[in-house]
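Architecture and fold: a report
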Amino acid sequence: MNSWPQWQGPHRNGLNDESGLLQTWSQGGPKLLWMSRAGGEGYAGPAVVGGKLFTMGARGGEEFVIAIDTATGNELWTAKIAPQAKHGWGVGPQGTPSIDNGRVYALGSQGTLVCVAADDGSEFWRTSMHDFGGKDPKWKFAESPLVDGDFVLCTPGGERGAIVALDKQSGDLRWQTESLTDPAHYSSIIPAQIHGHQQYVQLLDKQLVGLSPANGAVLWQHPWPGSTATIPTPIASGDKVYATCGYGVGCALVRIGEENTATEVYANKTMKNKHGGVILLDGALFGHSDGIGWVCQDFETGKLVWRERGALEMGGIGYADGRFYCVGEDTGDVVLIDASTDGWNERGRFTLSPQTQQRQSKGKIWTHPVIVNGMLFLRDQELIYCYDVRADQD
């Protein structure tokens, strides 16, 4: 059984080992296996491990971790995080829980981090980003915590140090990056192997950085022209790190030298990804570029390979078995396309139905699609959908 234990999957890159999936969809899309109304308000994504889907949502003024049976859609348990926080796009959590060795690590929108048992939701420990000097970002906390080795890592931001590593068993502070005092934004930390050495990479509002796992020391940093909101997760491949933002910022590729020098390879506005995500596959980057459309960009050179402006509005992207799953944020259209540098080639589409009545007027369908064990998971606030995308269906 495959798993999707955290934001962007097993390797935090949006890729998986799924196979045997439908390569085309008939009219109306794949079969809906179930729809749950247990999600509550919010944009939190799903993590899927051991036949359970873990997410977060706000109900009755409180934020919860929520566990759902992937076979039936039935709610298994909930665990309280903290009172819900309001932000410009509604209420509720916005990140994705991380699952590690029978524990669930979840960061609520008001900065409370909880660690609970995956089997029943019983609590092991809790802490807050405010305990480390953090202040709420404009649209509240939206990071997905990284669990790596003995640590769980988050970005409280602030003068006491922008990034912390906590003991994943106890929640105790192990180190804090005091030399970085950037405020928290919305990107999530990734692990990277560069020149054979492990490090952590984070995109802050005004710089892209690499940190030592041993003590949080800054190994390298590169200026970043953040504007309004820095959201997308960076991408590391070989000795290079790629980052992108919307709000007119664009993208850049940085090469990291063996002595931890950071040299810009290119910077342009081909990819201006706001929050729908970018996936690197076989040397090409795929995602939506604000004001340009859906694009394919060459990773090494930054050049535009193709773009599609009219087929689908801005939205999130997922990948499995040679196909991209693209979800339009306004319409709820879900489109299957070839994962190819040859262009936007549709293999089917459908529209999410029903759609939530709880979403506030400024909010849209922003939860990214997840494909695991032949199931496509989508979310629109309290509505969580599970579709059967196996080629060999019973």
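Look up a bit, the structure's there.
Let me sum up the structure you'll find in this document. (Residues numbered from 1 in each chain as written. Predicted model: local features only at pLDDT ≥ 70, side-chain atom pairs only at ≥ 80, totals over all residues. Heavy atoms only, no water.)

Note: strand S4 (residues 62-69) against strand S5 (residues 75-83), seven bridges, orientation antiparallel. Bridging from a neighbouring strand, Glu63 pairs with Ala82 of S5. Counting the residues in the hairpin turn of S4 and S5 gives five residues, including Gly73, whose phi is positive at 85 degrees. (Pairing = 2+ DSSP bridges. Helix = DSSP H or I, 4+ residues; strand = E, 2+ residues; numbered from the N terminus.)

Bringing unusual backbone geometry into the picture now. The residue after Ser353, namely Pro354, is reached through a cis peptide bond having omega 0 degrees. One non-glycine residue, Tyr247, lies in positive phi territory at about 55 degrees. Mapped onto the fold, Tyr247 is located in the loop between strand S21 (240-245) and strand S22 (250-256). Backbone geometry places Asp321, a non-glycine residue, at a positive phi of 50 degrees. Note that Asp321 resides in the loop between strand S28 (315-320) and strand S29 (323-328).

Turning our attention to the sheet that holds strand S13 (residues 151-154). Here four strands make up an open sheet; going across it, the order is S12-S13-S14-S15 and the pairing antiparallel. With partners counted over all chains shown, the strands left at the sheet margins are strand S12 (146-148) and strand S15 (173-176), one partner each. Within this sheet the neighbouring strands show an average axis-to-axis angle of 25 degrees, counted without direction. Two elements, S12 and S13, share three bridges in a ladder whose sense is antiparallel. Directly across from Leu146, in S13, lies its bridge partner Leu153. (Axes fitted to C-alpha atoms, helices over the stretch in contact; angles between N-to-C directions.)

The values are spatial; any link to function lies outside them.
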